Amino acid sequence: MTLRSIAWVLSGLAALLPAAFAAPARAACSAHPSERGAPGARPSAPAGLTVPAEFTIRSIAQVPHARELAALPDGDLLVGTQSRDVYLVPNVENAVAGRPQVYATLPDDLAAGVAFSAARCEVFIATEHGVYATPYAGGQRTATPTKIANVRTGPVAPNSDGDVHSTTSVAFSDKTGTLYVSVGSSCNACTEVDPTRAAIFQMSAAGTGIVKRATRIRNAIALAIDPVDATLWAGDAGQDNLTFGHPFEFLDAVTARSAPADYGWPECEENAVAYVSGANCAKTVVPLAVLPAYSTVVGATFYPPNQRGAFAFPSAYRGTLFAAAHGSWHATPNRTTFAAIPQVVAFAMRDGRPAVPVDWHDPRAQWHVFVGGFQQGERDRIGRPTGLAVGPQGSLFVADDAAGAIYRIRPR
């Protein structure tokens, strides 16, 4: 047998080995070191917040201005913020989580977007003007990210009404090796002159091969990858100053659409409805999931259908799409209450779509409230949910930028 034949046989055998033996390089990514730093505060029940009867919710950490979340395989949690700092909360699946600490300080404001790639052992962070990446190893407490892409490279629209959206969101698909980046608009309703705004892009993990995947999408803060088919879902915040109660805000399967998916903003919203005289909405996307106007979807995540951890949710929740509605700053016409309340909602899914189709007369028909109580009375709020993530043992984590809190939800 020649050396080439031997090599061919060995390569075939390697392909048959379990992943743990075929890919030892990933071990460092999932390692769980014994020492994790100082313990944090003991978990406590957040007064006023509610979850379904079969679950418990606890506050496990305080992180100022917490936004997006990324769960790490060693049980740590990354927290993007509305500052230059990204925090790490150690041991979030343990009875008592570790004390939060600064994981990275970025050279740009609003380090709100975070994502993690288990396949690449890499962390991605998005700021107002850039996307950064850094290698990750289990137990790593600090990092110095490297910039891989620029966003908001052009000016604010010359006719902007001042409603400039400044955060950037990221998501990574290990199945396709694709990094997705979402950039908000520079106005409430205008025509952008900067092609990097009001759009979602896909690129390689190195920030190359950039392609616009969605266009005319006002502020798609929430990004989530469906673990079953690797579809990117995005939650968008609709424009203001339309007929009260409109437009419905939405989540949609962006990469299930032909690129670039045209969501029509600011001319077309909802079910291809024209809100600008003479607009042609025939080819704009009609989204798959909706919430009431001004809900402001900031975070989203899918519950893994194959989760087998110690705190795995009941089977009815496997594959569920969770969305964090930040709530409105808008008041109702008589200005006695907010137009939309903060809450975390759950969409049951079937075959990659919500189990209940959109009802264009009722934006509450597709989902149920999973975490409520953020709004006490008509105008008093005790928090506003933002980022969502599922930990390696199955807990659901919720960030709250108003209370500066991280909550953990588990079955009883």
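Residues numbered from 1 in each chain as written. Predicted model: local features only at pLDDT ≥ 70, side-chain atom pairs only at ≥ 80, totals over all residues. Heavy atoms only, no water.

Caption draft 1: Quick look at the overall build of the chain. Looking only at helices and strands, the chain has three helices and 31 strands in total. At 21 Å, the chain has a C-alpha radius of gyration in line with the 22 Å of a compact globule built from 412 residues. The principal-axis extents of the C-alpha atoms in the chain amount to approximately 75 × 50 × 40 Å. In the chain, which comprises 412 residues, the share counted as buried stands at 55%. Contacts in the chain between residues far apart in sequence, at least 24 positions, make up 58% of those at least 6 positions apart. Element-wise, carbon and sulfur atoms account for 54% of the exposed surface of the chain, whose accessible area totals about 17100 Å². (Helix = DSSP H or I, 4+ residues; strand = E, 2+ residues; numbered from the N terminus. Rg over C-alpha atoms; globule rule 2.2 N^0.38 Å. Buried < 20%, exposed > 50% of the residue type's maximum accessible area, 1.4 Å probe, protein only. Contact = heavy atoms within 4.5 Å. Areas by Shrake-Rupley, 256 points an atom, 1.4 Å probe, with all protein chains shown as cover.)

Caption draft 2: Just the layout of surface pockets, in detail. Volume-wise, the largest pocket comes out at about 1200 Å³. Lining the largest pocket are 39 residues, and of these Ala-71, Phe-116, Phe-172, Asp-174 and Val-390 sit closest to its centre. At the level of secondary structure, the elements contributing two or more residues to the lining of the largest pocket comprise β2 (66–71), β6 (113–117), β10 (168–173), β14 (222–225), β21 (297–302) and β29 (385–390). Classifying every residue of the lining of the largest pocket gives 27 nonpolar, seven polar and five charged. Of the pockets and cavities examined, the second largest pocket occupies roughly 420 Å³. Lining the second largest pocket are 24 residues, with His-165, Asn-219, Ile-221, Thr-296 and Trp-329 sitting closest to its centre. Looking at the lining of the second largest pocket, its residues break down into six nonpolar, eleven polar and seven charged. (1 Å grid on protein atoms, 1.4 Å probe; cavity = no way out; pocket = protein on both sides within 12 Å on 5 of 7 lines; lining within 4 Å. Points joined across faces, edges and corners; volume = space filled by probe spheres on them. Nonpolar A, V, L, I, M, F, W, Y, C, P; charged D, E, K, R; others polar.)

Caption draft 3: Local environment of the pairing of strand β13 (residues 211–215). Inspection of the sheet shows strand β12 (residues 199–203) paired to β13 by four bridges, in the antiparallel sense. Each bridged residue has a counterpart across the sheet, and for Phe-201 the counterpart in β13 is Lys-212. With two bridges connecting them, β13 and strand β17 (residues 261–262) associate as parallel partners. Across the sheet, the residue bridging to Thr-215 is Asp-262, located in β17. (Pairing = 2+ DSSP bridges.)

Caption draft 4: Region of the structure containing the sheet that holds strand β23 (residues 343–347). With respect to topology, four strands assemble into an open sheet ordered β21-β22-β23-β26, the strand pairing being antiparallel. Two strands bound the open sheet, and with one partner strand each, they are β21 and β26 (367–371). Taken over all neighbouring pairs, the strand axes of this sheet differ in orientation by 30° on average, direction set aside. Bridge count for strand β22 (residues 321–325) against β23 is five bridges, and the pairing is antiparallel. Each residue of the ladder has a partner; that of Ala-325, found in β23, is Gln-343. (Axes fitted to C-alpha atoms, helices over the stretch in contact; angles between N-to-C directions.)

Caption draft 5: Main features of the environment of Ser-166. Here Ser-166 is to be found in the loop between β9 (146–150) and β10. Residues Ser-166 and Thr-215 lie 49 residues apart in sequence; the distance between their C-alpha atoms is 17 Å. Those residues in contact with Ser-166 that lie beyond four places of it in its chain are Leu-110, Glu-128 and Arg-152.

Caption draft 6: Structural view of the state of the cysteines. For the structure on display, the rule yields two disulfides. Shown here is the disulfide that connects Cys-187 with Cys-190, its sulfur atoms set 1.9 Å apart. Residues Cys-187 and Cys-190 are joined through a disulfide that is left-handed, its torsion about the S-S bond being -85°. Sulfur-sulfur distance for the disulfide between Cys-268 and Cys-281 comes to 2.0 Å. Negative torsions about the S-S bond denote left-handed disulfides, and the value of about -85° found for Cys-268 with Cys-281 makes this one left-handed. Here Cys-268 is found in strand β18 (residues 268–269), whereas its partner Cys-281 is found in the loop between β19 (273–274) and β20 (289–291), with 13 residues between them in sequence. Of the residues examined, Cys-268 reaches a relative accessible area of 1% and is grouped as buried. Cysteines bonded in the chain are numbered consecutively along the chain; their disulfide partners then correspond to 1-2, 3-4. (Disulfide = S-S within 2.5 Å.)

Caption draft 7: Representation of the pattern of salt bridges within the structure. Under the definition given, this model contains ten salt bridges. The salt bridge involving Asp-109 is made with Arg-84; its shortest N-O contact spans 2.9 Å. Of this pair, Asp-109 sits in the loop between β5 (101–105) and β6 while Arg-84 sits in the loop between β3 (77–81) and β4 (85–89), placing them 25 residues apart in sequence. A residue is classified by how much of its surface remains accessible, and Asp-109, at 36% relative accessible area, is partly exposed. A salt bridge links Arg-218 to Asp-163, with the nearest nitrogen and oxygen atoms 2.9 Å apart. With Arg-218 in the loop between β13 and β14 and Asp-163 in the loop between β9 and β10, this residue pair connects regions lying 55 residues apart in the sequence. According to the relative accessible area criterion, Arg-218 is buried, its value standing at 3%. For Asp-163, a relative accessible area of 23% puts it in the partly exposed group. Among the charged side chains, a network of salt bridges with common partners joins Asp-163, Arg-218 and Asp-240. (Salt bridge = Lys/Arg side-chain N within 4 Å of Asp/Glu carboxyl O.)

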